[in-house]
Amino acid sequence: DARVTQTPRHKVTEMGQEVTMRCQPILGHNTVFWYRQTMMQGLELLAYFRNRAPLDDSGMPKDRFSAEMPDATLATLKIQPSEPRDSAVYFCASGPTGTYEQFFGPGTRLTVL
Amino acid sequence: AQSVSQHNHHVILSEAASLELGCNYSYGGTVNLFWYVQYPGQHLQLLLKYFSGDPLVKGIKGFEAEFIKSKFSFNLRKPSVQWSDTAEYFCAVNYRNTDKLIFGTGTRLQVFP
């Protein structure tokens, strides 16, 4: 039963600290997406990759957020420095190219104090 | 701009009641349509999807949705809800010139025994 995995599942940190979230997409999936979910804003697309190349990161605050895919089995989302307004659940999703269906990971619940 | 509207923000039903959740999308050419469900504290899971063919789509757990092209709608239905259907439901649209899904703001469904 292939699944998207994310680590850590929970992260509590202090303002100003660097946060790195990791995602392992389902093997064979060519597209990877990062979303942020908050009560106020709902589900927001931050960035996405196809075949490891970043295609759209327009939803991401560029000054503090960065997203990369060092290889096909790992996607990272980094926040430096973190701020309390970054507190949210961050979801990674992957999908095979051409099907447009996305499979979501369990999320990382981030709390920035 | 491409957008998805879910007009019902919060729906409260008793068990065995019928359910219909509205979803409308803005025109943007050919679309693929999805409904996702998010149980409390969990990640998004696919309920059903429409790509082409029969506009009445059946999904898991007794859910179905009907694509009405002339109304740009993809409403979700279930004849008889259960307490276990308590969750948040997201409609999502893929416009076929992109890998991205545009999500609605979600509808929170509460079912009371």
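Residues numbered from 1 in each chain as written. Chains lettered and ligands numbered in written order. Predicted model: local features only at pLDDT ≥ 70, side-chain atom pairs only at ≥ 80, totals over all residues. Heavy atoms only, no water.

### A look at the interface of chain B and chain A
Here is step 1 of the chain: Between chain B and chain A, the residue contacts involve 18 residues of the former and 18 residues of the latter.
Here is step 2 of the chain: Taking both partners together, chain B and chain A bury about 1600 Å²; carbon and sulfur atoms supply 56% of that area.
Here is step 3 of the chain: Counting the contacts that link chain B with chain A gives three salt bridges.
Here is step 4 of the chain: Between Asp56 of chain A and Lys100 of chain B there is a salt bridge, with its nearest N and O atoms 2.7 Å apart.
Here is step 5 of the chain: Inspection of the chain B/chain A interface yields five residue pairs in polar contact (both at pLDDT 80 or more).
Here is step 6 of the chain: Within the residue set of the side of chain B that touches chain A, elements represented by two or more residues are β5 (31-38), β6 (44-50) and β10 (87-95) of chain B.
Here is step 7 of the chain: The residue makeup of the side of chain B that touches chain A, split by class, is eight nonpolar, six polar and four charged. (Contact = heavy atoms within 4.5 Å. Buried area = accessible area lost by both parts, 1.4 Å probe. Salt bridge = Lys/Arg side-chain N within 4 Å of Asp/Glu carboxyl O. Polar contact = N/O pair within 3.5 Å; in protein donor to acceptor, adjacent residues only side chain to side chain. Helix = DSSP H or I, 4+ residues; strand = E, 2+ residues; numbered from the N terminus. Nonpolar A, V, L, I, M, F, W, Y, C, P; charged D, E, K, R; others polar.)

### Observations concerning the state of the cysteines
Here is step 1 of the chain: Applying the stated criterion across every chain, the model contains two disulfides over all chains.
Here is step 2 of the chain: The partner cysteine of Cys23 of chain A in its disulfide is Cys92 of chain A, sulfur to sulfur 1.9 Å. A torsion of -60° about the S-S bond marks the disulfide between Cys23 of chain A and Cys92 of chain A as left-handed. With Cys23 of chain A in strand β3 (residues 19-24) and Cys92 of chain A in strand β9 (residues 88-95), this pair connects stretches of sequence that are 69 residues apart. In this structure, Cys23 of chain A and Cys92 of chain A share a single accessibility class: buried.
Here is step 3 of the chain: With a sulfur-sulfur separation of 1.9 Å, Cys23 of chain B is cross-linked through a disulfide to Cys91 of chain B. For the disulfide bridge between Cys23 of chain B and Cys91 of chain B, the dihedral angle about the S-S bond is near -60°, and by the sign convention the bridge is left-handed. Linking Cys23 of chain B in the loop between β3 (19-21) and β4 (24-25) with Cys91 of chain B in strand β10, this pair joins segments that are 68 residues apart in sequence. (Disulfide = S-S within 2.5 Å. Buried < 20%, exposed > 50% of the residue type's maximum accessible area, 1.4 Å probe, protein only.)

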